[in-house]
Amino acid sequence: MTTRRAHKPQAAPPPARAERQLDPFQIVDASFVAGAGSLASLPPPVSAEVAFAGRSNVGKSSLINTLVERKGLVRTSSNPGSTRQINLYEARARDGVVFQLVDLPGYGFTRRSKSEKAAWASLIEGYLRGRITLAAVLLLVDARRGLEEDDLELIHFVEASHDVARRPVELLLVATKIDKVPRSSVRRALDQVSAAAPRAAGGALRRAVGFSSITGEGRRDLWLALRRATQLGGAAPPPDSGAAGEDEDRRTPDE
Ligand SMILES: Nc1nc2c(ncn2[C@@H]2O[C@H](COP(=O)(O)OP(=O)(O)OP(=O)(O)O)[C@@H](O)[C@H]2O)c(=O)[nH]1
Ligand SMILES: [Mg+2]
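Residues numbered from 1 in each chain as written. Chains lettered and ligands numbered in written order. Predicted model: local features only at pLDDT ≥ 70, side-chain atom pairs only at ≥ 80, totals over all residues.

**Student:** Outline the overall build of the protein, listing residues and values.
**Tutor:** In terms of regular secondary structure, the protein is built from six helices and seven strands. Element order for the protein, N to C, with α for helix and β for strand: α-β-β-α-β-β-α-β-α-β-α-β-α. The buried share among the 255 residues of the protein stands at 35%. Taking all contacts inside the protein whose residues are at least 6 apart in sequence as the whole, residues at least 24 apart take part in 73%. (Helix = DSSP H or I, 4+ residues; strand = E, 2+ residues; numbered from the N terminus. Buried ≥ 20, exposed ≤ 12 C-beta atoms within 10 Å, placed from the backbone. Contact = placed C-beta atoms within 7 Å.)

**Student:** Hey, could you go over helix H3 (residues 114-130) for me, with residue numbers and the actual values?
**Tutor:** Relative to the 24 Å expected for 17 residues at 1.5 Å per residue, H3 spans 24 Å between its end C-alpha atoms, a close match to the ideal helical length. Listed in full, the buried residues belonging to H3 are Trp120, Leu123, Tyr127 and Leu128. One face of H3 carries all of its buried residues, which in axial projection span an arc of 120°. Opposite the buried face of H3, at more than 90 degrees from it, the exposed residues are Lys114, Ser115, Ala118 and Ser122. (Expected span 1.5 Å × (residues − 1). Arc of directions from axis to C-beta.)

**Student:** Which residues make up the pairing of strand E4 (residues 98-103), and what values do they have?
**Tutor:** Counting buried residues in E4 gives five out of six residues, a clear majority hidden from the surface. In this structure, the hairpin formed by strand E3 (residues 86-93) and E4 is closed by a connection of four residues, where Gly96 is found at a positive phi of approximately 95°. (Pairing = 2+ DSSP bridges.)

**Student:** Give me the lowdown on the nonpolar core, citing residues and values where you can.
**Tutor:** Counting residues in each nonpolar core, the largest one holds 55 residues, and the members touching the most others are Val174 and Ala175. With eight residues, the single largest contributor to this core is strand E5 (residues 134-142). Not counting residues within four places of it along the chain, the set of residues in contact with Ala175 comprises Val141, Ala143, Ala189, Leu190, Val193, Ala208, Gly210 and Phe211. (Core = buried A, V, L, I, M, F, W, Y, C linked by C-beta atoms within 7 Å.)

**Student:** Residue-level account of the environment of Ala160, with values.
**Tutor:** Inspection of the secondary structure assignment puts Ala160 in helix H4 (residues 149-160). On the neighbour-count criterion, Ala160 (9 C-beta atoms within 10 Å) is exposed. Here the alpha-carbon distance between Ala160 and Arg129, two residues 31 residues apart in the chain, equals 8.7 Å.

**Student:** Got a sec to walk through the sheet that holds strand E6 (residues 170-176)? Specific residues and values, please.
**Tutor:** If you walk across this open sheet you meet the seven strands as E1-E3-E4-E2-E5-E6-E7, and the pairing is mixed. Two strands in the sheet have a free side with no partner beyond their single neighbour: strand E1 (27-36) and strand E7 (208-210). In this sheet, adjacent strand axes meet at a mean angle of 25° when their direction is disregarded. Across six bridges, E3 lies against E4 in antiparallel orientation. What sits directly across from Asn87, in E4, is Asp103. (Axes fitted to C-alpha atoms, helices over the stretch in contact; angles between N-to-C directions.)

Structure follows, in C-alpha cells:
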C-alpha cells in the first residue's frame, strides 16, 4: 500500500528584495556636500534646502542619518554641542528627487562661552534669514520636554524672516525620541507640542510628527511631509514598498 504524504502548506514567499527596492522614496544616494563655520563659507545655493533646527542633543544629526538610512553619514554624540557648523548633505531618492539636508548647530547648550553661543546664534539666524534656497525648517523638540522658550523664539524668528525673494519657509514640528515615551502617552505628547506652537498662517494647527531614530518610527511620515513642504514630489509610494524603519541606525542611545 502506498501512502501519500499530506502536502505541507507552503508559507507565502517573502516579498522579493527587488520588489521592495522599487520604493520611489528610497534614498539611493546620500553624501556630504560641505560644512560652513561662517555664512561666507556656505556653498552657493543651488536647490531647495531643508534645515534641521533644535536644541543641542535633541537628535537632529541622528534624524538625518535615519532619514537617509546611512548609519554614519552625520556625526552624532551624546555630548551636546556635537555639531558646530552648518553641514550640508545631499540625498537622492529613487524617483530622482534630490534634497539638500542642512544640519544646524544646536542651541540652548549652557556649557559654552558667551561668545561661542553668540557666534552660533548669528550663524543659525543668518542662515535662516538669508538663505535664498531655504524651503523648510524642521524644528525638532524632545517629545519628553515639549516646546521650550528657545524653540518658540526660533519659530517666531522663522516666521519673521520673510523675504520677498523667496517663497515662505515651511515650518514642520518633529517630536524626537518617542521611543522614550510610553506608547500610551505618545499621542498626548504630540498633541501637547502641537498645541503649544503658534498656529500656521490661516490658523491651522501645526501637527507634530513623532520620530525615533532608534526604531525608525515617523520616517515615512516625515518624508511625505518634507516632499509636500518643499513641493518636491508628494505622490505616495505603493503601500507595500520599503517599510519605514528597516535598516535603521541602531546605535544605543546615551540618554
Ligand atoms: N532614544 C533615542 N535617542 C536618540 C534619538 N535620536 C538621538 N538620540 C541620542 O541623542 C543623542 C544626541 O543625538 P544627536 O543626533 O547627536 O543630537 P543633535 O541634535 O545633533 O545634537 P547637537 O549636534 O549637539 O546639536 C545621541 O546620544 C543619540 O544617540 C532617538 O530617537 N531616540
Ligand atoms: Mg548634531
